[in-house]
Amino acid sequence: MKKLFSCALICALLLPQSLWACTGIELKTQDGKQLAARSIEWGAYELKSNLVLMPRGVKYQAYTSLGEQNGHKWTGKYGFVGISLVYDTYIGEGMNEAGLNAGMFYFPGYGSLAKYEKRKNSKSLIDMNLTTWILSSFSTVEEVKENIHKIIVVPVGYDKNGNPLPTAHWRVTDAQGGSIVIEITDGGKVNVYDNKVGVLTNSPQFPWQVTNLNNYVNLKSGTAKGFEANGIQIKSFGATSSLLGLPGDYTPPSRFVRAFFSIKTAPQMPNAEKGIRQAFQILKGFTIPIGMEFAPGEKIPNIPSATQWTALSNLSDREFYYNTMYNPLVRKVDLKKIDFETVQKTVSPLETQLEPVFKEIYFN
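All of the points below concern the structure found in this document. (Residues numbered from 1 in each chain as written. Predicted model: local features only at pLDDT ≥ 70, side-chain atom pairs only at ≥ 80, totals over all residues. Heavy atoms only, no water.)

W133, I134, V172, I182 and F320 are the most contacted members of the largest nonpolar core, which totals 95 residues. I290, F294, A306 and Y326 belong to the second largest nonpolar core, which has eight residues in total. (Core = buried A, V, L, I, M, F, W, Y, C linked by side-chain atoms within 4.5 Å. Buried < 20%, exposed > 50% of the residue type's maximum accessible area, 1.4 Å probe, protein only.)

This brings us to the environment of Y90. Inspection of the secondary structure assignment puts Y90 in strand β7 (residues 87-96). Note: C-alpha distance between Y90 and L130 (40 residues apart in sequence) is 8.6 Å. (Helix = DSSP H or I, 4+ residues; strand = E, 2+ residues; numbered from the N terminus.)

Spatially, β14-β1-β2-β17-β18-β19 is the arrangement adopted by the six strands of the open sheet, whose pairing is antiparallel. Looking at strand neighbours, the two that pair on one side only are β14 (199-200) and β19 (331-334), the edges of this open sheet. In the sheet, strand β2 (residues 34-42) pairs with strand β17 (residues 307-314) via seven bridges, with the strands oriented antiparallel. Residue pairing across strands places S39 opposite T310, the latter belonging to β17. With respect to the sheet, helix α6 (residues 272-284) is in contact with β1 (20-28), β2, β17 and β18 (319-324), its orientation differing from that of β1 by roughly 150 degrees. (Pairing = 2+ DSSP bridges. Contact = heavy atoms within 4.5 Å. Axes fitted to C-alpha atoms, helices over the stretch in contact; angles between N-to-C directions.)

A few words now on the packing of aromatic side chains. For the structure on display, the rule yields eight aromatic pairs. When the centroid spacing of 5.0 Å and the interplanar angle of 80 degrees are considered together, the rings of W133 and F138 count as edge-to-face. Assigned by exposure class, W133 and F138 land together as buried. The ring of F105 has R38 sitting right over it, with the charged end atom 4.1 Å from the ring centre. (Phe/Tyr/Trp six-rings, centres within 6.5 Å; stacked < 30°, edge-to-face > 60°. Lys NZ or Arg CZ within 6 Å of the ring centre and 35° of its normal.)

Attention now moves to the sheet that holds strand β13 (residues 189-194). Ordered by their spatial adjacency, eight strands build an open sheet running β13-β12-β11-β8-β7-β6-β3-β20, and the pairing between neighbours is antiparallel. Here the strands that pair on one side only, and so sit at the sheet edges, are β13 and β20 (346-349). Strand-to-strand twist in this sheet, taken as the mean axis angle between neighbours without regard to direction, amounts to 30 degrees. Running at roughly 170 degrees to strand β8 (residues 100-106), helix α2 (residues 130-137) makes contact with β6 (80-85), β7, β8, β11 (168-174) and β12 (179-185) of the sheet.

Let us look at the pairing of β7. With eight of its ten residues buried, β7 lies for the most part within the structure. Sheet analysis places β6 next to β7, joined by six bridges and oriented antiparallel. Bridge pairing in β7 links V81 to M95. Where β6 folds back onto β7 in an antiparallel hairpin, the turn is made up of one residue, including V86, whose phi is positive at roughly 70 degrees. In terms of strand pairing, β7 meets β8 through three bridges, oriented antiparallel. Bridge pairing links E93 to G103 in β8.

If you check helix α5 (residues 252-265), its first and last C-alpha atoms are 20 Å apart, about what 14 residues at 1.5 Å a residue would give, namely 20 Å. Every buried residue belonging to α5 is among S254, R255, F256, V257, R258, A259, F260, F261 and I263, and all of these are buried. (Expected span 1.5 Å × (residues − 1).)

Applying the stated criterion across every chain, the model contains 14 salt bridges. K120 is the partner of E117 in a salt bridge, and the nearest nitrogen-oxygen pair spans 3.3 Å. On the basis of relative accessibility, which here comes to 29%, the residue E117 falls in the partly exposed class. The class for K120 is partly exposed, based on a relative accessible area of 29%. For K332, the salt bridge identified is with E319, shortest N-O distance 3.5 Å. A residue pair is termed long-range when its members are at least 10 positions apart, and K332 in strand β19 and E319 in strand β18 qualify at 13 residues. Judged by its relative accessible area of 10%, E319 falls in the buried class. Within the structure, one salt-bridge network assembled from shared partners comprises E319, K332, D334 and K336. (Salt bridge = Lys/Arg side-chain N within 4 Å of Asp/Glu carboxyl O.)

Purely spatial values, then, with no claim about function.
Put into structure tokens, the structure is as follows:
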């Protein structure tokens, strides 16, 4: 188990930073439904993510930085559904039966976790177990705020030079409209920020990303009005020219700005069904074609897209949705229909058909 654990984390985290990117957005419908959606980009190889269902009352024990399952122990108060990363105990995104959503977003170069100390095992858990701890333990953002300082988040491992492997920051949202970003920096300092902009990507820190929005204060939806100068008519080439200057690349700061303006200019949908469709449509604009992440001459992996899956939590109605790089069809898990007291732990692949799906149309 320890060898498998070590191989998984090394493969996942020692690759170039550009290969892992995430974009998260939040929407609220006219009838008060809270939606939290996100994509995940991983260009190195197929993540083989699974859909994981965990029942209520599971007894957990976290891994520590040595790859041993000897860390913090707790009993899950809530059942949840989530999507795994690399290893089935690593939940990248999910929602629990109380309507709490949590997910990890890569945060290289800025996240700095507490150094692992064996004597503190009872309070320690690796960063890759934090989403599971949150989803299984709490029902609201406020509860997470009250308890996040009671545990110690340590690196999933260390490289051959003794340096901690890159880590993440986390978004947590709830059915009441609460939303926070958790960033652990400076060797274990836990920072919790209220997420009032409804967006999260990757590095750098969340406060910097919010401040950077001020650089785009002139942007607005619509088409810029023309004017005349020295007898020459200056006019727009086409629609949305009032957004000239909106960054179009895939770096985390650019995606943050673009995601912010995407949700702020989007019309508020009347209900959850239309809001869910809107969220998936918005996130299509952040799909990264696989070739974009590799320099000329580098070998490009044989996968359809760097955006391997997109997920959405309808927090108000306890519904979890996703689609994948192989199939744009959005699938739904209704947590209200699951008896988390009696259901068994279930792990199933996101896809059984690992080729893009086409449907031929016939004319008679």
